[in-house]
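The chain contents come next:
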Amino acid sequence: MAKLIVSDLDVKDKKVLVRVDFNVPIKDGVIGDDNRIVAALPTIKYIIENGGKAILLSHLGRVKSDADKKELTLKPVADRLSEVLQKPVTFVPENEGKEVEAAISKMNDGDVVVLENTRFQDIDNSFGKRESKNDPALGEYWASLGDMYVNDAFGTAHRSHASNVGIAEAMKKAGKPAAAGYLMEKEIRFLGDAVANPVHPFVTILGGAKVSDKIDVITNLIPKSDHILIGGGMAYTFLAAKGQEIGKSLFEPDKVDLAKKLLKDAAGKIVLPVDNLAATEFSNDAARKVVEGNIPENMMGLDIGPKTIANFKEILKDAKTVVWNGPMGAFEMPNFAEGTLEVGKSLAELSGATTIIGGGDSTAAAKQLGIAPQITHISTGGGASLQYLEGKELPGIACISDK
Ligand SMILES: Nc1ncnc2c1ncn2[C@@H]1O[C@H](COP(=O)(O)OP(=O)(O)O)[C@@H](O)[C@H]1O
Ligand SMILES: O=C(OP(=O)(O)O)[C@H](O)COP(=O)(O)O
């Protein structure tokens, strides 16, 4: 059944709670890439240009303790939103309590408020991680702040958290609408079309650091893909599963058995690095060398090596559909960006192919490389786009009201 969309809502004079995914790369308060902020503008503009009040909720990073709060405040994000929106945005340094309620009660039609990082609710409390474990009382509290709810956080749609799913359930229980935003709607349309009847060869490229999150998707991508190229931090758990020494490389011991099973089930579809650029520490200036086979005990793989790059390029040159999530190395450091750069170039050079890049860091890499215009669709979701492409129903979409 069709889902309710923000454009179906009469937002005039209404307090509209909007879950966005403003989980952007950020270091020392400086935003590396504002793609996810810009991507949310159509929904925010629809609300404020039609006389509504937009109250924005988002997470940023993974909050474990109070010490993370300084680096993971949404204040710089609210400031950037104000710049791209070209109007004042009020930032509230809380997401629950009197200060929040007072700020909302002062809003005029057309105003925008950004509440503090929803994952600050994951610290120190009797429930445990209130946001990430979806404490129903928190979803109900946030729902009580508005008249209607819009979920535009596609990048978070594979999570079932209080600020996306809990709030939607509470809204519906209170007889209020929970709609999808324009970005959510666009992502579903593009990704759905791309894989409805994909042209083969279909190549999936996986990398990045969220290994335990993303390794599970491979099971369902095996039948769809002709080749699965694995680089970045994802590769080392597979290499370890094959019995290779991986030194200090990123490694998920809990996923070794799964990696072994995937290698067996994939019938040669999984292509792993044959060489790596290894370094003594996670630093651009660390001593580094290309290593074939075993990685020395005191080193970690931080990029794929030249032979692997050549292997991946050879496979990619005939691809007709490519889905890429996760950089091939720690590309933020120029000395370890080559693999990501070369794979990105291969995608940009393909003619007549459908190319999809997903994920915050992968998108940042594509923009940094200047290849974004040559890519068919840049998705704001990494894990979310992979799970959607796998054919899974995402909780952040399932919770939206039917029309
Ligand atoms: N070999 C590696 N070792 C450690 N970290 C890596 C490695 N390769 C890539 N990364 C890191 O992975 C991060 C991106 O991973 P991830 O969040 O899974 O991707 P995305 O945001 O595109 O979904 C980057 O910060 C990058 O530095
Ligand atoms: O950046 C995100 O996911 P992604 O890195 O898979 O694109 C989303 O904002 C979800 O963040 P999370 O993986 O900390 O739940």
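Residues numbered from 1 in each chain as written. Chains lettered and ligands numbered in written order. Predicted model: local features only at pLDDT ≥ 70, side-chain atom pairs only at ≥ 80, totals over all residues. Heavy atoms only, no water.

1. Observations concerning the nonpolar core
1) Next: Judged by nonpolar contacts, the single largest core of 80 residues is most densely connected at Phe22, Leu56, Leu81, Ile218 and Phe238.
2) Next: Excluding its chain neighbours within four sequence positions, the residues that come into contact with Leu56 are Val18, Val20, Phe22, Ile44, Leu81, Val112, Val113, Val114 and Leu115.
3) Next: With 24 residues, the next largest nonpolar core counts Ile55, Val92, Ala143 and Ile167 among its residues. (Core = buried A, V, L, I, M, F, W, Y, C linked by side-chain atoms within 4.5 Å. Buried < 20%, exposed > 50% of the residue type's maximum accessible area, 1.4 Å probe, protein only. Contact = heavy atoms within 4.5 Å.)

2. Comments concerning the sheet that holds strand E7 (residues 148-151)
1) Next: Strand order in the open sheet formed by 6 strands is E5-E6-E4-E1-E7-E8, with parallel pairing between adjacent strands. Whereas interior strands pair on both sides, the edge strands pair on one side only; in this sheet they are strand E5 (90-92) and strand E8 (178-180). Across the sheet, the mean angle separating the axes of adjacent strands is 25° when strand polarity is ignored.
2) Next: Of the strand pairs in this sheet, strand E1 (residues 15-19) and strand E4 (residues 53-57) are connected by 5 bridges, and their pairing is parallel. If you follow Val18 over to E4, its bridge partner there is Leu56.
3) Next: The sheet strands contacting helix H3 (residues 75-85) are E4, E5 and strand E6 (112-115), and the helix crosses E6 at an angle near 160°. (Pairing = 2+ DSSP bridges. Helix = DSSP H or I, 4+ residues; strand = E, 2+ residues; numbered from the N terminus. Axes fitted to C-alpha atoms, helices over the stretch in contact; angles between N-to-C directions.)

3. Description of the pattern of salt bridges
1) Next: The tally for this structure, following the rule as stated, stands at 27 salt bridges.
2) Next: Residue Asp402 is joined to Lys3 by a salt bridge in which the shortest nitrogen-to-oxygen separation is 3.5 Å. Taken together, the residues Asp402 in the segment after helix H16 (395-398) and Lys3 in the segment before E1 connect sequence positions 399 residues apart.
3) Next: The class of Asp402 is partly exposed, set by a relative accessible area of 40%.
4) Next: Residues Arg130 and Asp135 are paired through a salt bridge, measuring 2.8 Å at the closest nitrogen-oxygen approach. (Salt bridge = Lys/Arg side-chain N within 4 Å of Asp/Glu carboxyl O.)

4. Some thoughts on the pairing of E4
1) Next: Burial analysis of E4 places 5 of its 5 residues in the buried class, which makes it a mostly covered element.
2) Next: Burial of E4 is two-sided: the residues Lys53, Ile55 and Leu57 facing one way and the residues Ala54 and Leu56 facing the other way are all buried.

5. Considering the UniProt feature "binding site: substrate" (unreviewed entry) in the chain
1) Next: Mapped onto the present numbering, the UniProt feature "binding site: substrate" (unreviewed entry) falls at Asp21, Phe22, Asn23, Arg36, His59, Leu60, Gly61, Arg62, Arg119 and Arg159.
2) Next: Looking at where Arg62 falls in the secondary structure, it is placed in the loop between E4 and H3.
3) Next: Look past the residues within four positions of Arg62 in its chain and what remains in contact with it is Asp68, Leu72, Arg119, Arg159, Lys210 and Asp213.
4) Next: A polar contact of 3.2 Å, which involves the side chain of Arg62, links it to the side chain of Asp213.
5) Next: Its place among the elements puts Arg119 in the loop between E6 and helix H5 (136-144).
6) Next: Classification of Arg119 as buried rests on a relative accessible area of 7%. (UniProt positions renumbered as here; feature names shortened; annotations may be inferred. Polar contact = N/O pair within 3.5 Å; in protein donor to acceptor, adjacent residues only side chain to side chain.)

6. Some words on the site of ligand 2
1) Next: Taken together, 15 residues lie around ligand 2, and Asp21, Arg62, Arg159, Lys210 and Gly383 are the ones closest in.
2) Next: Contact distances for ligand 2 include 2.7 Å between an oxygen atom and a side-chain N or O atom of Arg62.
3) Next: Taken by itself ligand 2 offers 390 Å² of open surface, and the protein chains cover 95% of this. (Near = heavy atom within 4 Å. Areas by Shrake-Rupley, 256 points an atom, 1.4 Å probe, with all protein chains shown as cover.)

7. A closer look at the side chain of Asn35
1) Next: If you trace the backbone, Asn35 turns up in helix H1 (residues 35-39).
2) Next: Overall, the relative accessible area of 19% leaves Asn35 in the buried class.
3) Next: Ignoring any residue separated from it by four or fewer positions in sequence, one finds Asn35 in contact with Thr363, Lys367, Ile378 and Thr380.

8. Digging into the UniProt feature "binding site: ATP" (unreviewed entry) in the chain
1) Next: When the UniProt feature table is mapped to this numbering, "binding site: ATP" (unreviewed entry) covers Lys214, Gly301, Glu332, Gly359, Gly360, Asp361 and Ser362.
2) Next: Within the secondary structure, Lys214 is located in helix H8 (residues 211-214).
3) Next: Residue Lys214 is classed as buried on the basis of its relative accessible area of 11%.
4) Next: Following the sequence through the fold, Glu332 ends up in the loop between strand E15 (321-325) and helix H13 (338-349).
5) Next: The class for Glu332 is exposed, based on a relative accessible area of 52%.

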